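Close look at the chain arrangement
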There are 2 protein chains.
Amino acid sequence: MLKIMKDFKKMTKWVYNFGGKNTEGNTSMRNLLGGKGANLAEMCSLKLPVPPGFTITTEVCTSYYENNSNLPDELDDQVNSAIKEIEDTVGSKFGSDQNPLLVSVRSGARSSMPGMLDTVLNLGLNDITVEALAKKSGDARFAYDSYRRFIQMYSNVVLGVEHHIFEDILEDYKIDNNYTLDTDLNSGDWKNIVSHYKEELLKEYGNPFPQDVNIQLWGSISAVFGSWQNNRAKTYRKLNDIPDHWGTAVNVQAMVYGNLDDNSATGVAFTRNPSNGNKEFYGEFLVNAQGEDVVAGIRTPQNISELSRIESGSEDMSLEKLMPDVFKELKKVADNLESHYRDMQDIEFTIQEGRLWMLQTRSGKRTTKAAIKIAVDFVKEGLISQEEAVSRINPNELDQLLHPTIDKDADLNVIATGLPASPGAASGQIVFNADEAEKLASDGKKVILTRIETSPEDIHGMHAAVGILTTRGGMTSHAAVVARGMGRPCISGAGALRIDYENNMLIIGKLTFMAGDIITIDGSSGQIISGEVKMKDPELSGDFSQLMKWADGFRKLRVRANAETKIDAEVARSFGAEGIGLCRTEHMFFEEGRINAVREMILADSEEGRKKALLKILPMQKKDFIDLFDVMDELPVTIRLLDPPLHEFLPHTQKDIDAVATALGINTSSLKIRIDELSESNPMLGHRGCRLAITYPEIPEMQARAIFEACVEINKKSGKRVQPEIMVPLVASRRELEIVKNLIDKVAKEIENEHKLKLDYTVGTMIELPRAALKSSEIAEVADFFSFGTNDLTQTTYGISRDDSSRFLDTYISNGIFERDPFVSIDREGVGELIEIAVERGRSKNNSIKLGICGEHGGDPSSIEFCAEIELNYVSCSPYRVPVARLSAAQAEIKIKNK
Amino acid sequence: MLKIMKDFKKMTKWVYNFGGKNTEGNTSMRNLLGGKGANLAEMCSLKLPVPPGFTITTEVCTSYYENNSNLPDELDDQVNSAIKEIEDTVGSKFGSDQNPLLVSVRSGARSSMPGMLDTVLNLGLNDITVEALAKKSGDARFAYDSYRRFIQMYSNVVLGVEHHIFEDILEDYKIDNNYTLDTDLNSGDWKNIVSHYKEELLKEYGNPFPQDVNIQLWGSISAVFGSWQNNRAKTYRKLNDIPDHWGTAVNVQAMVYGNLDDNSATGVAFTRNPSNGNKEFYGEFLVNAQGEDVVAGIRTPQNISELSRIESGSEDMSLEKLMPDVFKELKKVADNLESHYRDMQDIEFTIQEGRLWMLQTRSGKRTTKAAIKIAVDFVKEGLISQEEAVSRINPNELDQLLHPTIDKDADLNVIATGLPASPGAASGQIVFNADEAEKLASDGKKVILTRIETSPEDIHGMHAAVGILTTRGGMTSHAAVVARGMGRPCISGAGALRIDYENNMLIIGKLTFMAGDIITIDGSSGQIISGEVKMKDPELSGDFSQLMKWADGFRKLRVRANAETKIDAEVARSFGAEGIGLCRTEHMFFEEGRINAVREMILADSEEGRKKALLKILPMQKKDFIDLFDVMDELPVTIRLLDPPLHEFLPHTQKDIDAVATALGINTSSLKIRIDELSESNPMLGHRGCRLAITYPEIPEMQARAIFEACVEINKKSGKRVQPEIMVPLVASRRELEIVKNLIDKVAKEIENEHKLKLDYTVGTMIELPRAALKSSEIAEVADFFSFGTNDLTQTTYGISRDDSSRFLDTYISNGIFERDPFVSIDREGVGELIEIAVERGRSKNNSIKLGICGEHGGDPSSIEFCAEIELNYVSCSPYRVPVARLSAAQAEIKIKNK
């Protein structure tokens, strides 16, 4: 058995050739060969001009990390024979003193990680082969320039010697010799530089520069694999949700030179315009240059096509004019690749002495706007189906289109970053409290509400502000959730900031900002910027509508919005919401003019006193519902009864307490006592939800009355028949729902008798506690619908308060405990199992029960996919996430269909 | 179908006869007939002298409440024919003007509810039958006295007219006629009183007293059913866990009269002494009296036996002397009943004109001490088996034996009540803070620590106090849990109390107590008493040890204790604990001398700073473990790593903050900033448990080192091999446990190398989050044991903070949402399902995994039964609950065996 295992191991194929006798890979092998390797192989199969080479698989990377940074034994033979195949193809020899083969060693992960991993070029040069290269190319200057570049790159990437050491040598040399530009140096100069480099390396590194080309090769291969775990790569993966275990492939490829003469060049091109999606061949190139020169930005690249040269107003010749034949060939290759891959391509090429070489092709990154246009155009051009077009757009990126964004060309003075809690950008003056925010906003000022954290008391200020910035709290903190709901940009948990409320100061390290100072926040990136910044307004194109229409054709999940105000409801409908899935009635309680009646109710020490105060609130709450029903026509509206603990409505600071005491005509100290009495150790697990309704039945009675009277009034006014869905929060047992449902039914009966009519309504519950999920078969017997409150369900299932999770969230993600923040994307294994249990048990007892989700997850694509899989009826999310949800729901259905 | 239903309904038997031609019930029908009815029937079957009658079933009560307080239609016929049977048996006629049948109407629930429900005696008297009774008995005075008693009782019970109205009439009459005692009144007087009563009733009630005996009968039956829902009955049921839906039966029985002449008497007796369990016939009686006279306490009852007369030093004749034949018969009946029921009986009897009538028998209430003695004696007498003896003791009542209790004869000035959070009673002076408590205690003073709520900072004060009183928090609040663990009496959540810390005042309504005033708390009843009260010390008898030994023979569950100090561990062992199931290391952190090092660690802003402070804590923590291991010999000790959020260790009040700042030599304002930074919205769901261990690995490393070094030292000193079980709290995923386990294993390796030896230890986890239960198969792959932390699991499953639950707990119990407080008795349906899932999944992946429970439920009998059913290996509870747990575990096993 052991022997077979060994044999099997021996048989593992670690290396795939391309461009020579055999091309062994293709584009479908991206997981094994990485994106670059798979596409190089694919291009070879298409008979496109690709320098020959081979790919060492991502499995080697995995093996490398599993075996203490050692490469598999059998790799040697496989690499040697692959080198041999390159030698045979190009007719040169690795390390030869006559006709040396030079290669590049490049990373290539499954998913592009531009600039994050290491690369070594010009490999194979040493003191001997450099002479051969000089002779062969007839250009000693080129040869020694290449050699010094190689030494510098190799020393940095493989030996860990810092770049600047070599740059200093070059700089000193230029000064000593009165040179200004690199092009001023001749071959002798570069030769001198090379020996300086080697001396310095010996000093820094303790060993001479390796002359053995095989040592160079293996050192570089190991270094590229090693770069998978460098810090910037790790950070990039975390930001882009790329799993650690994917690993990178390594591509070894014969060098071609765009810097050999003026008939050589190097460039990048897109088959369509990546900013707007227009169908135009678009790109840049440099004559007599290597790829790194394009990146370095020392010389200004030229346009590839005449059209874009004219558009950009450039006077430098286009490739179309300069090398018309090569241009034609490149254009043909590009068209070929686009229709072959059925996607806009981003290609890299080199022209060596008039001959075109393709170095890379991949799907081009593009703005969301371009992505949508390209997808829609591709459908029109018959290249892809509607299904494919819908599947191609990353739903999360739609956010970019729906909010103002920072102008790409703006200069930014970034002073700190926080969590990108609600997308969009805004500039305004710093304000430290909600009342001030409201006042300044009513004076026409733009303000950024800046707080340690926000609470429901701050809602009016958040509404008045153009953006919200907090120093505490995670992606689902109060500030984040409310801001997303309102479509306000928000940065939360900016831990580097310190707010000094007393002195109206914001302190960031050594910087100090005062109230009134202007800052800009970018809620999509989390950047906090000093001063005002130029913005771009959102624009929704016809292509966007077209794509969303197609998406709607695929999805089964309905999409509703979480909204309570007329304005939010209007936004939601404009984005295509098919109802309201969560109207948080408590938000209505905070509005000016009623908060004091609410407080009066809370502070009353008898049922009678509470009822008196509730009578004042009733007409206002009724008006709220009338407004909401009016906007929503006869679409379903789910109204949640009062949920938060009562102390959330009471003032907290001494100043506010004094003000409230005065307003209510009570004594400050007795108000304080009551506030103390109501305070809770863990408000999240406290006296809230249906527990309030059961202990103070007069509250749900008032709310039910407001809802039903609003229905009656709308009906009398317009004939519309509103069918409210009344939702009872925080239920853990059938009995709780039953008690509250009885209250609601009693009020309904009263109103039916008063008005001699029949009300249409349903009563259901949130499933947001583990126990509710477990007891869902019993609960379903008295519920018309379940709405999964996945915020609270995640909190209780994990035992994590989302407001307090920021302290360990990062550590948890970096330690692989969380793949993603479970408050952003649903935890399928834990929370998901409870939801599945509830769906199954709920439907088993009540097969007509309506099932939806109204937590923050309702706007998260991967969570929506889960909802589609378990066949919920709808998701509900912030108004601004509605398009995201529509698209995600369509993609989920397509995925399920194609499984 | 409908017809069949109707027929079926018609066939329901609502009424069961006894004592006449047929006796239709027996003692096994207690649920249907209530305790009294079932036992009356049983006595009839034993041919004992029981006045004939019938029982209306508890199902009628249920039906009565389900049908808007209407009795079933078919009941009429059944009652009428049952009355007929009584008439036939006694040879009189209901309502007859010659020979009238008089009956009593008494309640009789499944479980005895003494004095809570209503009774009507002498029913069947009216202006005509009273004359017949006078004639038949030859005693007009007796007849009219009975009539006026009936009017008074009926008016009160059935018509709702208050007692005092009738008492006033009688009082006035006596004054007007210069009478002192009731016995001064003659038949004419009672006749007058009767007419005054009737007049007054007409005035109060608006209708005359009903003369129709059938109206009297049905009114009384309805009233007794109605009394099931009176307030005192509801309260009693709540206190005694009697479900509302049980209902009561109604017993209608021919009257017998103990007040007919001096050859008549009435009394109660116990077959053994109910206070100490001694085998002696014990009871009291009154000559020429009705049952209510015994209760009223106007005359001093006489002893039944000569022995007890002599013991009590009474000069009144015993029944044994007074009516030797009746006594002999009664004694025979009593012996008969005791051996028939195989339990000590509490019997009621009446002697009418020298003839003995049995009115009731039931298992006698007894003190726990008596219960144990009786059970052990019964085994010795061969009456019952060991199994039955073990099954008969209510485990919860063992607590009485283990703590001081208030002397039964003490006069109590009860000023308020709270939750009976930890049993036992204590008197001491009021102290409002922990430091003061410690200081006074060290001066030899007894103090009651009186706080709004307690926190871990108060532990030293709680230890120093003889009792703890809080105005907030439930049965599992911090104060309650810690007090039970320490064996200190505690009352929590005494909401009527207000504490004014500033002025050192405790305010209860209009009363004010200052620091230093003496109060007494009874943690078994929840009573708060003004002043000092006489106490009784606990004493553990040989019978107790015998019973516990028998219990140990039955149980499979091991019983461990939750303990961290040497003293607690010693108490636990003395009560028979077989190990420690939970050593909360954080309790050790609060001790004087180390709390400042802990704070230094928390306030350090670098890993280095933390490590420095941890080095100071290490030797102290190591010493703790050495002490603990020493006491526990080689019994298993489960040590939980640091669990609470760090802010719990920081000071909260300005005064404490200043003191700590001074002690640590830091600046007050920066200390405050750090405290603010660390504060959490929901600490229960915050940065605690393994989240601390993962973010600050140096903490578990220090703790692991302290544990292992203690093992090494114990081993070197005494050769004992301690096998610590290291427990990781608040795990939600396999990965978390894995990370912390790796840290522990690393430290173990280091110590093994340092000392050249092999450590024996296991690593396991708490299962206290719903997600952990769901993911338990994966977690079990890296865990040696699971310990169910049912406090936290209940909090998260229900989404209820036990510290905040007191505000709605009562409403929840009275509304039938909770049968019992889920923090006291495990919620089998919700929390229980999660535990069962975890047991099943855990064992499926690791069949040698050890399973235990260490939440507060580990000391609750019904929860222990659940643990036995799902075959856990052990329960762990407060040291003082260990005997309770041993007995409960035995009972559970017996129950399972007999299923």
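Please refer to the structure higher up on the page.
Here we summarise the structure given alongside this text. (Residues numbered from 1 in each chain as written. Chains lettered and ligands numbered in written order. Predicted model: local features only at pLDDT ≥ 70, side-chain atom pairs only at ≥ 80, totals over all residues. Heavy atoms only, no water.)

As a further point, take the interface of chain B and chain A. Contact with chain B, which involves 53 residues of that partner, is made by 52 residues of chain A. Around 4500 Å² of area is buried between chain B and chain A when both sides are counted, 52% of it from carbon and sulfur atoms. It is Leu685(B), Arg771(B) and Arg807(B) that lose the most area in chain B upon contact with chain A, and together they represent 14% of the buried surface on that side. In this structure, the connection of chain B to chain A is made through 8 salt bridges. Of all the elements in the fold, those that place two or more residues in the side of chain B that touches chain A are helix H27 (668-678), helix H28 (690-695), helix H30 (734-755), helix H31 (770-774), helix H33 (790-798), helix H34 (806-814) and helix H35 (831-845) of chain B. Looking at the side of chain B that touches chain A residue by residue, the classes come out as 18 nonpolar, 16 polar and 19 charged. (Contact = heavy atoms within 4.5 Å. Buried area = accessible area lost by both parts, 1.4 Å probe. Salt bridge = Lys/Arg side-chain N within 4 Å of Asp/Glu carboxyl O. Helix = DSSP H or I, 4+ residues; strand = E, 2+ residues; numbered from the N terminus. Nonpolar A, V, L, I, M, F, W, Y, C, P; charged D, E, K, R; others polar.)

Turning to the nonpolar core, a few remarks are in order. The biggest cluster of nonpolar side chains holds 284 residues, and the ones touching the most others in it are Phe629(A), Phe708(A), Phe629(B) and Phe708(B). Each residue touching Phe629(B), except ones within four places of it in the same chain, is listed here: Val637(B), Ile639(B), Ile707(B), Ala710(B), Cys711(B), Ile714(B), Val722(B) and Pro724(B). (Core = buried A, V, L, I, M, F, W, Y, C linked by side-chain atoms within 4.5 Å. Buried < 20%, exposed > 50% of the residue type's maximum accessible area, 1.4 Å probe, protein only.)

Attention now goes to the environment of Ile221(B). Residues and elements named next belong to chain B. Positionally, Ile221 belongs in helix H9 (residues 213-227). The class for Ile221 is buried, based on a relative accessible area of 0%. Remark: the alpha-carbon pair of Ile221 and Val158, spanning 63 residues in sequence, is separated by 8.9 Å. In this structure Ile221 touches Ile56, Leu71, Val105 and Val250, once residues within four positions along its chain are discounted.

Residues and elements named next belong to chain A. Pairing within the closed barrel is parallel, and its 8 strands lie in the order E26-E27-E28-E29-E30-E31-E32-E33. Within the sheet, the average angular offset between the axes of one strand and its neighbour, ignoring direction, is 25 degrees. In this structure, strand E31 (residues 785-788) lies alongside strand E32 (residues 850-853), joined through 4 bridges in parallel fashion. Looking across to E32, one finds that Phe788 is bridged to Ile853. Each of strand E30 (762-767), E31 and E32 is contacted by helix H35 (residues 831-845), which is oriented at about 180 degrees to E31, the strand it contacts most. (Pairing = 2+ DSSP bridges. Axes fitted to C-alpha atoms, helices over the stretch in contact; angles between N-to-C directions.)

Attention now moves to the relation of the copies chain B and chain A. Here chain B sits on chain A after a turn of 179 degrees about the axis and a move of 0.2 Å along it, with an RMSD of 0.3 Å. Expressed as a symmetry operation, the mapping of one chain copy onto the other fits a two-fold axis. No C-alpha of chain B approaches the rotation axis more nearly than that of Asn682(B), which lies at 2.1 Å. In this assembly, 98% of the residues forming the interface of chain B have copies in chain A that are likewise at the interface, indicating an isologous arrangement. (Least-squares fit on C-alpha atoms with pLDDT ≥ 70 in both.)

Glancing now at the pairing of strand E6 (residues 119-123) of chain A. Side-chain positions along a regular strand alternate between the two faces of the sheet. All names here are of chain A. Counting buried residues in E6 gives 4 out of 5 residues, a clear majority hidden from the surface. As paired strands, strand E5 (residues 103-109) and E6 are joined by 3 bridges and run antiparallel to one another. The residue bridging Arg106 from the neighbouring strand is Thr119, located in E6.

Another aspect to go through is the sheet that holds strand E7 (residues 248-254) of chain A. Strands in a sheet are paired, the pairing made by backbone hydrogen bonds, and the direction either parallel or antiparallel. All names here are of chain A. If you trace the 5 strands from one edge of the open sheet to the other, you get E1-E2-E7-E5-E6, paired in antiparallel fashion. What marks the edges here is a single partner per strand, and that holds for strand E1 (15-18) and E6. Strand after strand, the sheet turns through a mean of 20 degrees between neighbouring axes, direction not considered. As defined by bridge partners, E5 adjoins E7 across 7 bridges and the pair is classed as antiparallel. Bridge pairing in E7 places Ser104 opposite Gln253.

Another point: a negative patch on the surface. Residue and element names in this part refer to chain A. On the surface, a cluster of negative charge is contributed by Glu167, Asp168, Glu171, Asp172 and Asp176. With respect to the element layout, Glu171 can be found in helix H7 (residues 163-176). Of the residues examined, Glu171 reaches a relative accessible area of 40% and is grouped as partly exposed. (Patch = residues over 30% accessible without salt bridge, like charges linked within 9 Å, V, L, I, M, F, W, Y side chains within 5 Å. Areas by Shrake-Rupley, 256 points an atom, 1.4 Å probe, with all protein chains shown as cover. Lys, Arg positive; Asp, Glu negative; His and termini not counted. Charge placed at Lys NZ, Arg CZ, Asp CG, Glu CD.)

So, about the pattern of salt bridges. Side chains carrying opposite charge are able to pair once their charged atoms draw close together. Residues and elements named next belong to chain A. Under the definition given, this model contains 138 salt bridges over all chains. Glu893 is the partner of Lys556 in a salt bridge, and the nearest nitrogen-oxygen pair spans 3.8 Å. Of the two residues, Lys556 is situated in the loop between helix H21 (542-554) and strand E26 (558-562) and Glu893 in helix H37 (residues 882-897); the sequence distance between them amounts to 337 residues. Its relative accessible area of 10% is what places Glu893 among the buried residues. Among the charged side chains, a network of salt bridges with common partners joins Lys622, Arg705, Glu709, Glu713, Glu750 and Glu754.

Residue and element names in this part refer to chain A. Running from N to C, helix H29 (residues 698-718) and helix H30 (residues 734-755) point in directions that differ by 35 degrees, and their axes come no closer than 9 Å. Considering the relative orientation of H29 and H30, their crossing is right-handed. The residues of H30 that touch H29, namely those facing Pro700, Glu701, Ala704, Arg705, Phe708, Glu709, Val712 and Lys716, are Leu743, Ile744, Lys746, Val747, Ala748, Glu750, Ile751, Glu754 and His755. Its residues assigned to classes, the contact of H29 with H30 comprises 9 nonpolar, 1 polar and 7 charged. (Left-handed = near helix turned anticlockwise from the far one by under 90°.)

Moving on, we get to the side chain of His687(B). With respect to the helices and strands, the residue His687(B) is situated in the loop between H27 and H28. At 2.8 Å, the side chain of His687(B) and the side chain of Thr695(B) are in polar contact. When near neighbours in sequence (up to four residues on either side) are disregarded, His687(B) contacts Arg807(A), Phe808(A), Pro645(B), Leu646(B), Glu680(B), Leu692(B), Thr695(B) and Tyr696(B). (Polar contact = N/O pair within 3.5 Å; in protein donor to acceptor, adjacent residues only side chain to side chain.)

For H35(B), spanning 15 residues, the distance from its first C-alpha to its last is 21 Å, which sits close to the expected 21 Å at 1.5 Å a residue. All buried positions along H35(B) are accounted for by Val831(B), Gly832(B), Glu833(B), Leu834(B), Ile835(B), Ile837(B), Ala838(B), Val839(B) and Gly842(B). (Expected span 1.5 Å × (residues − 1).)

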